[in-house]
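Here is what each chain is made of, one letter per residue.
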Amino acid sequence: MDIVLQRMPEFKCIPDVFSYAILLKGLCEEKRTEEALELIRMTVDEGGSCEPNVVSYNTVIDGFHRKGEVGRANNLFLEMLGRGILPDVVTYASIISGMCKAQAMDKAEELLQRMFDEGIYPNTVLFSTIIGHLCKEGRVMEAQNIFDKMLLSSANTRMLHIGVKPNVFTYNTMIDGYFLTGKMDEVSKLFDTMVSIGLKPDVVTYTTLIDCYSKNRRIDDALAVLNEMLEKKVHPCVITYSTMLHGLFQNGRTVAAKELFLRMVDSRIHMDIWTHNIILGGLCTNNCVDEALRMFQSLCSTNSQLDIRTYTIMIRALLKGGRKEEAMNLFNGITSKGLVPNVVTYSLMIENLIEEGSLEEADDLFLSMEKNGCAADCRMLNAMIRMLLRKGEVPRAGAYLSELDERNFPLEASTASLLIALMSEEKYQQYRRFLPDKYQSFGGS
């Protein structure tokens, strides 16, 4: 940086604000934000016609945000205000976006209000950014208030002139926000409104609606949305189809799901492992395990990139159907595929061993799991303890209660109730000593 500035006079070039702006931009793009800040400070000290302006500060503020240094960006913003340089919409957009990413939504809303008070008009992107982050935090009514301000702003002639009005992205964000809070009536109203004002729903809009209706058990409405998409020549993506498949399977519409899958195959839609897992899981949930197994074997034969969730889906289904040997063979083959069982996979296998009374094998598999770097979670330990208690295996349950305590996991209410009920019975009093001290009073008179 110094070399460039020093050599400019050799070519009869005098650095000006424009030259410094180019340097600042280049430094920030290379993530050399500290040097950019140093350059700003240098031009402040030198004074004259090259003092930094709002564009200079905006560049470096944005540079800090790109590096995730929200605090540094805010400090520079305050320094800028202290020097009497008035922020513009770009400054506010950068600072507010940084606050949103840092989940400081209250401060972001305060700054937005400050913009209005100063007569600085936010653009559509800034409005949509704040609305999106509020919706992610479940603060949909606050998002609606911002959205309403946006609508009021769009009625202002000046705001219309600079294009400030809700776009498809803004409506998609609000639709998703109301969906996450379960307000389906508002979802429908927003969709109808965006269509009535001439906005064309995109693939994200339709996919969100399909997800909304499916999860609210309005599967026929979801199918109607998919058909409308096709009629309007909005091409569904793999996420759209996968969302629809998941909804159909979850609502027991297996035949329709299979038909949709065949349509995807005919349309040569590329299906990734996420989609295949939805189909496999849906088939298994709806008692089509043999079909799922054939699809799984087909995927294996074509060297498709499977993940541990794929194996876990199949193992769960086989165990549920009493096909324990097949499940064990599948489990034993996981590592040969370069995969590692996760806590859910191990839980299924260990709980099955406990259920069939192979308690030593269950203990061995638990130890193997820990040795392989897969730590038991709270849900798994509580489930194991309950199963052991139901079998009257109090000493073994006591050992896993100790594991629970060592990891600072809570004893779930259902586990505590079972332990109290069991230890209230006379025949189990002799086993009380096998429990950790804190549980020995459970069920006592």
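This is a predicted model, so every value here is computed, not measured. Counting from 1, residues in each chain are numbered in the order their sequence is written. Thresholds applied to this predicted model are a pLDDT of at least 70 for local features of residues and 80 or more for the giving and counting of side-chain atom pairs; totals over whole chains, interfaces and linings are not thresholded and use all residues. Note: side-chain values were computed over all heavy atoms of the structure, leaving out hydrogens and water.

(A) Representation of the overall build of the protein in the model. The helix and strand labels rest on DSSP assignments: H or I over at least four residues marks a helix, E over at least two residues marks a strand, and numbering proceeds from the N terminus. On a plain count of helices and strands, the protein comes out with 25 helices and zero strands. Radius of gyration: C-alpha atoms only; globule rule: 2.2 Å multiplied by the number of residues to the exponent 0.38. Computed over its C-alpha atoms, the radius of gyration of the protein comes to 30 Å, more than 25% above the 22 Å expected for a compact globule of 445 residues. The cut-offs for exposure are 20% and 50% of the maximum accessible area for each residue type, with area from a 1.4 Å probe on protein chains only; residues under the lower value are buried, those over the upper are exposed, and the others partly exposed. Per-residue burial over the protein gives 47% buried out of 445 residues. Restricting to contacts in the protein with at least 6 residues of sequence separation, those with at least 24 account for 58%. In the form shown here, the protein has an accessible surface area of approximately 23200 Å², with 52% of it arising from carbon and sulfur atoms. The positive charge centre, built from 48 side chains, and the negative charge centre, built from 58, are 4 Å apart in the protein. A contact between two residues is defined here by any heavy atoms of the two lying within 4.5 Å. Each accessible area is a Shrake-Rupley estimate made with a 1.4 Å probe; only the visible protein chains count as cover when residues are assessed. The positive count covers Lys and Arg only, the negative count covers Asp and Glu only, and His and the chain ends enter neither. In this description, the location of a charge corresponds to atom NZ of lysine, CZ of arginine, CG of aspartate or CD of glutamate.

(B) Representation of unusual backbone geometry in the model. Look at Arg268: it is not a glycine, yet its phi comes out positive at around 55°. In this fold, Arg268 is placed in the loop between helix 16 (254–266) and helix 17 (273–285). Exposure remark for Arg268: the relative accessible area of 76% places this residue in the exposed category. With a phi close to 60°, Asn287 is a non-glycine residue in the positive phi region. Relative to the helices and strands, Asn287 resides in the loop between helix 17 and helix 18 (289–301).

(C) Structural view of the environment of Leu23. Examined against the element boundaries, Leu23 turns out to sit in helix 2 (residues 17–29). For Leu23, a relative accessible area of 17% gives the class buried.

(D) Looking closely at the side chain of Arg432. Checked against the element boundaries, Arg432 lands in the segment after helix 25 (413–423). By salt bridge we mean one thing: a side-chain nitrogen of Lys or Arg within 4 Å of a carboxyl oxygen of Asp or Glu. The buried charged residue Arg432 lacks any salt bridge partner; its closest oppositely charged side chain belongs to Glu426, at an N-O distance of 8.3 Å. Throughout this description, a polar contact denotes any pair of N or O atoms lying within 3.5 Å of each other; where both atoms belong to protein, one of them has to be capable of donating a hydrogen while the other can accept it, and for residues adjacent in sequence the pair is counted only when both atoms sit in side chains. A polar contact is formed between the side chain of Arg432 and the backbone oxygen of Met423, at a distance of 3.0 Å.

(E) Fine view of the packing of aromatic side chains. In this scheme Phe, Tyr and Trp rings, the latter by its six-membered ring, pair at centre separations within 6.5 Å, and the angle between planes marks the pair as stacked below 30 degrees, edge-to-face above 60, and tilted otherwise. All chains considered together, the criterion is met by nine aromatic pairs. Each ring, one from Phe147 and one from Tyr171, has its centre 5.2 Å from the other, and the planes form 85°; the classification is edge-to-face. One end of the pair, Phe147, is in helix 9 (residues 140–154); the other, Tyr171, is in helix 11 (residues 168–180), and 24 residues separate them in sequence. By relative accessible area, which is 2% here, Tyr171 ends up buried. Measuring from centroid to centroid gives 5.2 Å for Phe296 and Tyr311, while their planes differ by 85°, and the two rings are edge-to-face. In this pair, Phe296 sits in helix 18 while Tyr311 sits in helix 19 (residues 308–320), placing the two residues 15 residues apart along the sequence. Accessibility assignment for this pair places Phe296 and Tyr311 in one class, buried.

(F) Looking closely at the packing of helix 15 (residues 238–250) against helix 16. The N-to-C vectors of helix 15 and helix 16 enclose an angle of 160°; their axes lie 8 Å apart at closest approach. Of the possible angle classes, the one that applies to helix 15 and helix 16 is roughly antiparallel. Along this stretch, helix 15 crosses helix 16, giving a crossing that reads as left-handed. Facing helix 15, whose interface residues are Tyr241, Met244, Leu245, Leu248 and Phe249, helix 16 presents Thr254, Ala256, Ala257, Leu260, Phe261, Arg263 and Met264. Residues that form the contact of helix 15 with helix 16 fall into these classes: 10 nonpolar, one polar and one charged. Every axis corresponds to a line fitted to the C-alpha atoms, with the helix fit spanning only the stretch in contact, and the corresponding angles, defined between N-to-C directions, vary from 0 to 180 degrees. Working rule for angles: under 35 degrees goes down as roughly parallel, over 145 as roughly antiparallel, 65 to 115 as roughly perpendicular, anything else as oblique. Crossing handedness is read from the near helix: turned anticlockwise from the far helix by less than a right angle, it gives a left-handed crossing, and turned clockwise, a right-handed one. Only Asp, Glu, Lys and Arg are considered charged, only Ala, Val, Leu, Ile, Met, Phe, Trp, Tyr, Cys and Pro nonpolar, and every remaining residue, Gly among them, polar.

(G) Spatial organisation of the confidence of the model for the protein. Known as pLDDT, the predictor's per-residue confidence is scaled from 0 to 100. For the protein, per-residue confidence averages 86 on the pLDDT scale, and 90% of positions sit at 70 or higher. Below pLDDT 50 for its whole length, residues 1–14 participates in 14 contacts with residues either more than four positions away or in separate chains. Scored below 50 in pLDDT, residues 157–163 shows 10 contacts in the model against residues more than four places distant or in partner chains.

(H) Local environment of the pattern of salt bridges. Using the criterion set out here, one finds 22 salt bridges in the structure. The residue Arg139 makes a salt bridge to Glu109 at a minimum N-O spacing of 3.4 Å. In this pair, Arg139 is assigned in the loop between helix 8 (124–136) and helix 9 and Glu109 in helix 7 (residues 105–117), connecting sequence segments 30 residues apart. Across this residue pair, the class does not change: Arg139 and Glu109 are buried. One salt bridge connects Arg139 with Glu142, and the closest N-O pair in it is separated by 2.8 Å. A cluster of three or more residues bridged by salt bridges with shared partners is formed by Asp106, Glu109, Glu137, Arg139 and Glu142.

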